[in-house]
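A structural walkthrough
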Amino acid sequence: MSEATDDTQTETPLLFGRVLNGQGGAREISWDEAQGWQPAAPGEVMWLHVCRNRAGVQEWLESELQIPEPTAELLTSDATRPRAFAEGETLVATLRGINFNPGAQPEDMISMQVWCDGRRLITLRRHPLQTPREVVAMLDRGNGPPDAGATITLLAELLITRMSQSIVDMNAVLDELEHDDPDEQAERMLKQISTIRRNCLGLKRHMAPQHEALEQISRDAPYWFEDHDRREIAESIARLRRYLDDIDISKESALVLQDEIRARSLASSEHATYMLTIVAGIFLPLGFLTGLLGINVGGMPGMDDPDAFWAVVALCLFVFVALIVIFRRLRWL
């Protein structure tokens, strides 16, 4: 059974909304209640998870949250390269996670835009994501993040953790390929290795800038992003760096295995060609001899001798044995 995602059909852009109580719990909030929301108690934070490709989202960001137009365009655009920056007392970021939707490849990563001013946290996505639903389930159980900074760090951590599963899966496939017989399954193995290398390149292309984005969050986040949040982000950065190293190792392992399979395939092909050349070298003189004796002209020796056929056979056998001996002396066999 697949994991739950935020793939919810709603009449509004809101996929789900929660008001964090500062103690790990939260209460649900509707789209209408979110308009003009103000905290009713100290420590409350509103988190809205929005589908960014719904109509009117950019206009709502500009009018309701007073977000500048360029930033609102960034939050709703398809320019999804991971990045982060501080804009006054707000944090703006684009993060990416593994696409676990049916029919998707690991390198087809999903982006999630983040905007937060410490009291209001807005996350936006285009395609369904598992990570936000996992965090909101923790909040509903009462053991979720207490504030906006902790929510952002937890989202980043879970996005990175899910990347590790894709790396583990690729390494498991590589381990299986190392025990397969390349002589019998070379084509299938090469196809799987090419897929792994393509996945590694895709993951590296998106994860490397995500590493930079997390460092920018740790360095440039506003005051409400507390010291313990920065420490958590630092842990996520270190974990992501290890995953990047693992991707490089997986890519190199796939390349070595691919070269080995191709080398063995080439050696097998060259051996077959060599054996065909030896066979042709042995039978070329025999073919010349039988062709010469087979011409239908007068004066051919043995035409009237009943033992001539066996004499020719014996001559061919002698030539064959002589060629074998010569080839062995030349170390061609």
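Attention here is on the structure that accompanies the text. Model, not experiment: these values are computed from the prediction.

1. Quick notes on the environment of Pro39
Checked against the element boundaries, Pro39 lands in the loop between helix H1 (31–34) and strand S3 (45–51). The partly exposed category is assigned to Pro39, whose relative accessible area is 32%. Apart from residues lying up to four places away in sequence, Pro39 is in contact with Glu44 and Arg119.

2. Regarding the sheet that holds strand S6 (residues 110–116)
Spatially, the 7 strands line up as an open sheet ordered S2-S1-S3-S7-S6-S5-S4, and their pairing is mixed. The sheet is open, and its two edges are formed by strand S2 (26–28) and strand S4 (83–87), each paired on a single side. Neighbour-to-neighbour, the strand axes of the sheet open up by a mean angle of 20 degrees, direction not taken into account. Across 6 bridges, S3 lies against strand S7 (residues 120–125) in parallel orientation. In the strand pairing of S7, Cys51 is matched with Arg125. The strands touched by helix H2 (residues 57–64) are S3 and S7; relative to S7, the strand with the most contacts, the crossing angle is about 165 degrees.

3. Points about the nonpolar core
One finds Trp47, Ile152, Met207, Leu214 and Ile217 to be the most contacted residues of the largest nonpolar core, which totals 55 residues. Where this core is concerned, the elements lending two or more residues are strand S1 (14–20), S3, strand S5 (90–97), S6, helix H4 (131–141), helix H5 (148–179), helix H6 (182–220) and helix H7 (227–293). Of all hydrophobic cores here, the second largest spans 21 residues; its members include Ala34, Val57, Leu61 and Leu124.

Rules used throughout
- Residues numbered from 1 in each chain as written.
- Predicted model: local features only at pLDDT ≥ 70, side-chain atom pairs only at ≥ 80, totals over all residues.
- Heavy atoms only, no water.
- Helix = DSSP H or I, 4+ residues; strand = E, 2+ residues; numbered from the N terminus.
- Buried < 20%, exposed > 50% of the residue type's maximum accessible area, 1.4 Å probe, protein only.
- Contact = heavy atoms within 4.5 Å.
- Pairing = 2+ DSSP bridges.
- Axes fitted to C-alpha atoms, helices over the stretch in contact; angles between N-to-C directions.
- Core = buried A, V, L, I, M, F, W, Y, C linked by side-chain atoms within 4.5 Å.

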